[in-house]
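What follows is the residue order along each chain.
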Amino acid sequence: SQTIHQWPATLVQPVGSPLSLECTVEGTSNPNLYWYRQAAGRGLQLLFYSVGIGQISSEVPQNLSASRPQDRQFILSSKKLLLSDSGFYLCAWSVSEAGAQYFGPGTRLLVL
Amino acid sequence: GNSVTQMEGPVTLSEEAFLTINCTYTATGYPSLFWYVQYPGEGLQLLLKATKADDKGSNKGFEATYRKETTSFHLEKGSVQVSDSAVYFCALSAADTGRRALTFGSGTRLQVQP
């Protein structure tokens, strides 16, 4: 069966510090991978998606970037965090173009 | 473009009450429709799905029917429990978006009181 992992679970970072969040998927090959952000009490905002190694599409221009160095690894990064980067970051995967997405447990980021 | 509209929350019910959370959508083509549930502090879990008109998705006592004529996918449960308290998201996936991503509604918080 497929499993998706995210870490860390919680992160508190000062403004201006770098960020690296990692997501890995097990039990499937060549998945589509996604990063979403959920602000407190709000819906989900798609940040990035990837259909293959090294292929990244950005949905919202911002302070963040994403990379996919391996088939089942997806990394969200920032060089300098802003207060507005605080939120709950969710990674997800899917195998078909219009199919269901399956979410990881999320990383809660607080920028102070 | 594609969009999903959900009823505003919170929805507060007593245990064993009947639940309906309304969801309507706008999409080109023939989208797949989903309901996700998010428990406090956790990620989203797929609750049920329907891929074509008149399909009924069901899971854990929850049901939703894909109604193309009314562009709706309302979530229902006959008897809610305290453990159903969570935020529920309606979503659609349309292959013609070109970005293979889900379009989510804003979420509806359900609070079930004992």
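For clarity, every value in this text was computed on a predicted model and none was experimentally measured.

Thresholds, definitions, all that
Residues numbered from 1 in each chain as written. Chains lettered and ligands numbered in written order. Predicted model: local features only at pLDDT ≥ 70, side-chain atom pairs only at ≥ 80, totals over all residues. Heavy atoms only, no water. Helix = DSSP H or I, 4+ residues; strand = E, 2+ residues; numbered from the N terminus. Rg over C-alpha atoms; globule rule 2.2 N^0.38 Å. Buried < 20%, exposed > 50% of the residue type's maximum accessible area, 1.4 Å probe, protein only. Contact = heavy atoms within 4.5 Å. Areas by Shrake-Rupley, 256 points an atom, 1.4 Å probe, with all protein chains shown as cover. Lys, Arg positive; Asp, Glu negative; His and termini not counted. Charge placed at Lys NZ, Arg CZ, Asp CG, Glu CD. Core = buried A, V, L, I, M, F, W, Y, C linked by side-chain atoms within 4.5 Å. Buried area = accessible area lost by both parts, 1.4 Å probe. Salt bridge = Lys/Arg side-chain N within 4 Å of Asp/Glu carboxyl O. Polar contact = N/O pair within 3.5 Å; in protein donor to acceptor, adjacent residues only side chain to side chain. Nonpolar A, V, L, I, M, F, W, Y, C, P; charged D, E, K, R; others polar. Patch = residues over 30% accessible without salt bridge, like charges linked within 9 Å, V, L, I, M, F, W, Y side chains within 5 Å.

J.: Tell me what's going on with the overall build of chain A, and back it up with residues and numbers.
T.: The helix and strand inventory of chain A stands at zero helices and 11 strands. Reading the secondary structure of chain A in the N-to-C direction produces β-β-β-β-β-β-β-β-β-β-β. The C-alpha radius of gyration computed for chain A amounts to 13 Å, which stays within 12% of the reference 13 Å derived for 112 residues, consistent with globular compactness. Principal axes of the C-alpha set define a box for chain A whose edges measure 35 × 25 × 20 Å. The buried share of chain A, taken over its 112 residues, is 48%. Considering only residue pairs separated by 6 or more positions, chain A has 54% of its internal contacts joining residues 24 or more positions apart. When the accessible area of chain A is evaluated, it comes to approximately 5200 Å², of which 53% is carbon and sulfur surface. One finds the centroid of the 7 positive side-chain charges in chain A at a distance of 10 Å from the centroid of its 6 negative side-chain charges.

J.: Can you tell me about the nonpolar core, naming the residues and giving the values?
T.: Soluble globular proteins tend to pack their nonpolar side chains together in the buried interior. If you look at the biggest cluster of nonpolar residues, it comprises 26 residues, and the most contacted ones within it are Leu19(B), Trp35(B), Leu48(B), Phe73(B), Leu75(B) and Tyr88(B). Taken together, the elements giving at least two residues each to this core come down to strand 2 (11-14), strand 3 (19-21), strand 4 (23-26), strand 5 (32-38), strand 6 (44-50), strand 8 (62-65), strand 10 (86-93) and strand 12 (108-113) of chain B. Among the elements that make up this core, the one with the highest residue count is strand 10 of chain B (four residues). Each residue touching Leu19(B), except ones within four places of it in the same chain, is listed here: Val11(B), Leu13(B), Phe62(B), Leu75(B), Glu76(B), Lys77(B), Val80(B) and Leu110(B). In this structure, Leu11(A), Val25(A), Leu33(A) and Tyr89(A) belong to the second largest nonpolar core, which totals 20 residues.

J.: Quick rundown of the interface of chain B and chain A? Include the residues and the values.
T.: With 19 residues of chain B at the contact, the number on the chain A side is 23 residues. With both sides pooled, the region where chain B packs onto chain A buries about 1700 Å², and carbon together with sulfur makes up 55% of that total. Between chain B and chain A we count zero salt bridges in total. The interface formed by chain B and chain A holds two residue pairs in polar contact (both at pLDDT 80 or more) in total. Going through the elements one at a time, strand 5, strand 6, strand 10 and strand 11 (102-104) of chain B are the ones with two or more residues in the side of chain B that touches chain A. Here the element with the most residues in the side of chain B that touches chain A is strand 5 of chain B; it accounts for four residues. Within the side of chain B that touches chain A, the residues separate by chemical class into nine nonpolar, seven polar and three charged.

J.: Could you give me a rundown of a nonpolar patch on the surface, with the residues and numbers involved?
T.: Residues and elements named next belong to chain A. Residues Val 12, Leu 110 and Leu 112 make up a contiguous nonpolar surface patch of roughly 280 Å² in combined accessible area. Mapped onto the elements of the fold, Leu 112 is located in the segment after strand 11 (107-111). The class of Leu 112 is exposed, set by a relative accessible area of 58%.

J.: How would you explain the side chain of Thr108(B) if you had to name every residue and give the values?
T.: Residues and elements named next belong to chain B. Positionally, Thr 108 belongs in strand 12. A polar side-chain atom of Thr 108 sits 3.0 Å from a polar atom in the side chain of Gln 6. Not counting residues up to four positions away in its chain, the partners in contact with Thr 108 are Gln 6, Met 7, Gly 9, Val 11, Ile 21, Ala 86, Val 87 and Tyr 88.

J.: Just give me the short version of the environment of Gly43(B), but keep the residues and values in it.
T.: All names here are of chain B. Within the fold, Gly 43 resides in the loop between strand 5 and strand 6. For Gly 43, a relative accessible area of 9% gives the class buried. When the C-alpha positions of Gly 43 and Tyr 66 are compared, they lie 25 Å apart, and in sequence the two are 23 residues distant.

Taken by themselves, the reported measurements are silent on function.
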